[in-house]
Amino acid sequence: QVQLVESGGGLVQPGGSLRLSCAASGSIFSIYRMGWYRQAPGKQRELVADVTTSSGSTTYADSVKGRFSISRDNSKNTVHLQMNSLKPEDTAVYYCQWVARERAIDFRPHDYWGQGTQVTVSS
């Protein structure tokens, strides 16, 4: 079973930057979509950004447009989320999520989720 491993979370002051990374353990046959979600206490989980690997097309939540950037490295099966100009309202647990097939024989893609990494923006 493929597992996603996240890193890069932590405490940062408003206006600061962090870069989150998510890499897969083991090999993957095909990756269709790589994305980031976040969930703040008492809030619904929301999509932050994603990228469709076939086209490179990206989407962003309105609240992070112009501040966050998602990027991928297919050769390393890695996705990053560069977060700039961070605000207190960005405080949340961030989860990476991939849609992928582990093997060529798999009949359908499967959703994979990371464990989550805490991002806290505070003075």
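Overview of the structure. (Residues numbered from 1 in each chain as written. Predicted model: local features only at pLDDT ≥ 70, side-chain atom pairs only at ≥ 80, totals over all residues. Heavy atoms only, no water.)

What follows deals with the packing of aromatic side chains. The way to describe two aromatic rings as a pair is by their centre distance and the angle between their planes. On inspection of all chains with the given rule, the structure shows one aromatic pair. Measuring from centroid to centroid gives 5.1 Å for Tyr37 and Trp113, while their planes differ by 50 degrees, and the two rings are tilted. Note that Tyr37 is positioned in strand S4 (residues 30-39) and Trp113 in strand S10 (residues 110-113), a separation of 76 residues in sequence. Its relative accessible area of 18% is what places Tyr37 among the buried residues. Looking at Trp113, the relative accessible area reads 37%, which means it is partly exposed. Seen from the ring of Tyr95, Arg45 lies directly overhead, with NZ or CZ sitting 4.0 Å from the centre. Lying across the ring of Trp113, Arg45 places its NZ or CZ 5.0 Å from the centre. (Phe/Tyr/Trp six-rings, centres within 6.5 Å; stacked < 30°, edge-to-face > 60°. Helix = DSSP H or I, 4+ residues; strand = E, 2+ residues; numbered from the N terminus. Buried < 20%, exposed > 50% of the residue type's maximum accessible area, 1.4 Å probe, protein only. Lys NZ or Arg CZ within 6 Å of the ring centre and 35° of its normal.)

Once that is clear, we can look at the side chain of Ser21. Within the element layout of this structure, Ser21 appears in strand S3 (residues 18-25). In terms of polar contacts, Ser21 uses its side chain to reach the side chain of His80, at 2.8 Å. Setting aside chain neighbours within four positions, we find Ser21 in contact with Val5, Glu6, Ser7, Trp36, Val79 and His80. (Polar contact = N/O pair within 3.5 Å; in protein donor to acceptor, adjacent residues only side chain to side chain. Contact = heavy atoms within 4.5 Å.)

Turning next to the sheet that holds S3. As summarised here, the arrangement of the four strands in space is S1-S3-S8-S7, forming an open sheet in which the pairing is antiparallel. The sheet terminates laterally at strand S1 (3-7) and strand S7 (68-73), the two strands that pair on one side only. Along the sheet, successive strands turn relative to each other by an average axial angle of 15 degrees, direction set aside. Both S7 and strand S8 (residues 78-83) contribute to a ladder of six bridges, which runs antiparallel. Note that in S8 the partner of Ile70 across the bridge is Leu81. (Pairing = 2+ DSSP bridges. Axes fitted to C-alpha atoms, helices over the stretch in contact; angles between N-to-C directions.)

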